Amino acid sequence: MPLIVDLAGRDDELREALEDLRMNRWLAMRDMLLKTYGDWPLRTARSQVMAVGARDGAAVAAWLEEEPNNPDALMMWARVLTRRAVRASRERKDLELLRRAAGVARDACWTALWNWPEGPVPWVCLLDLAKLPLDARHLDPHFAQRHRLWGQAPEMGLFPGPWPLLHEVDRRDPGNREAYHRMRECVDAHLSGGLAMDFARWAAARAPQGSALHVLPLYAFAAEYRRRHGTGHGGAIAFWTTEQVRHYARKACDDWFCVTPAAARSRLSLLDLNHLAYALVASGEAGAGGVFEAIGPYATSAPWSQVSASLGRDWQNEFRRMRDASLRRPRGRRS
């Protein structure tokens, strides 16, 4: 079975909108986003991918010029500018340039929020900006002073962080998948001592059955793996066979994947499915065959490329090898 590595995955409407974007056209994007009103998980996921596909943002800027009060255009402009600021940080641009890029992106987020306060996506963008290497513990000049971007944890024993932003997303879309990933990245960027893993475990422990937050610890393990073994140091294989990894791989499989009806699995995040498949195989837990069936040909480079590179292997060959072995294995108790 050939592999398909595609931003849109199996979402044909999203693929059509991305193809339009590549030709600097925005009508398909507008029509597609109109269908996401009230479906916050779908809106969040599609807008995130559209921001990547928008590249320099010329098509979104043209849409905004044509329809300056369209809430979808304002939200997508916030997405594009947020991604631009995050990319500037990743490329280690000058701190003053980064500060300006983050400020422009934050202004776009507030504009989108004032235009349509019910939407969670601008708050997700603000969480993404909170991970930048700037002073996140300030009062935003464009918002009421009582709303701090950085605050105390909602429960004893947890660290201070951008909890107010996460709370605003949760008010609109409880358990929003991307928001919790952005929060984990923010903790990873600003704090130390395994607190990102603590956050991932905390989020998974309080998540209801069927929530994608049960997969969050597997991303934290992948980040920890890169820190420890990204340069090919020894012990890489043993990392995935610890009881802690096995516990969270079992939990994600049982409390997220297995409780999702087979007919609804096409809507599950391909990134989540790929992280779960890798963790199940690498830890020796049962259930990977069913996950690979749900993935089909739609591999994502993460986490395969991160792990395979440290072992000097090609990630697509590693994916095929693990998939083929899992599909040949007799089905375990998980399905």
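Residues numbered from 1 in each chain as written. Predicted model: local features only at pLDDT ≥ 70, side-chain atom pairs only at ≥ 80, totals over all residues. Heavy atoms only, no water.

## Quick look at the side chain of Asp-128
Tracing the backbone through its elements, the reader meets Asp-128 in helix H7 (residues 121–129). What makes Asp-128 buried here is its relative accessible area of 8%. In this structure Asp-128 touches Thr-82, Val-86, Arg-182 and Glu-185, once residues within four positions along its chain are discounted. (Helix = DSSP H or I, 4+ residues; strand = E, 2+ residues; numbered from the N terminus. Buried < 20%, exposed > 50% of the residue type's maximum accessible area, 1.4 Å probe, protein only. Contact = heavy atoms within 4.5 Å.)

## Regarding the packing of helix H11 (residues 216–229) against helix H13 (residues 243–257)
In contact at an axis separation of 9 Å, H11 and H13 are set at 145° when each is read in the N-to-C sense. For the element pair H11 and H13, the recorded crossing hand is left-handed. Residues Pro-217, Leu-218 and Phe-221 of H11 form the contact with H13, whose participating residues are Gln-244, Val-245, Tyr-248, Ala-249 and Ala-252. The residue inventory of the contact of H11 with H13, partitioned by class, reads seven nonpolar, one polar and no charged. (Axes fitted to C-alpha atoms, helices over the stretch in contact; angles between N-to-C directions. Left-handed = near helix turned anticlockwise from the far one by under 90°. Nonpolar A, V, L, I, M, F, W, Y, C, P; charged D, E, K, R; others polar.)

## Some details on helix H3 (residues 40–53)
If you check H3, its first and last C-alpha atoms are 20 Å apart, about what 14 residues at 1.5 Å a residue would give, namely 20 Å. Listed in full, the buried residues belonging to H3 are Trp-40, Arg-43, Thr-44, Arg-46, Ser-47, Val-49, Met-50, Ala-51 and Gly-53. Those residues of H3 hidden inside the fold are in contact with helix H1 (12–22), helix H2 (27–34), helix H5 (71–90), H7, helix H8 (163–172) and helix H9 (177–190). Looking one or two residues past H3, Arg-55 carries a phi angle of roughly 55°, positive in sign. (Expected span 1.5 Å × (residues − 1).)

## A closer look at the side chain of Asp-20
Among the structural elements, Asp-20 can be located in helix H1. Given the relative accessible area of 13%, Asp-20 is considered buried. The contact partners of Asp-20, leaving out residues within four places of it in the chain, are Arg-25, Leu-27 and Ala-28.

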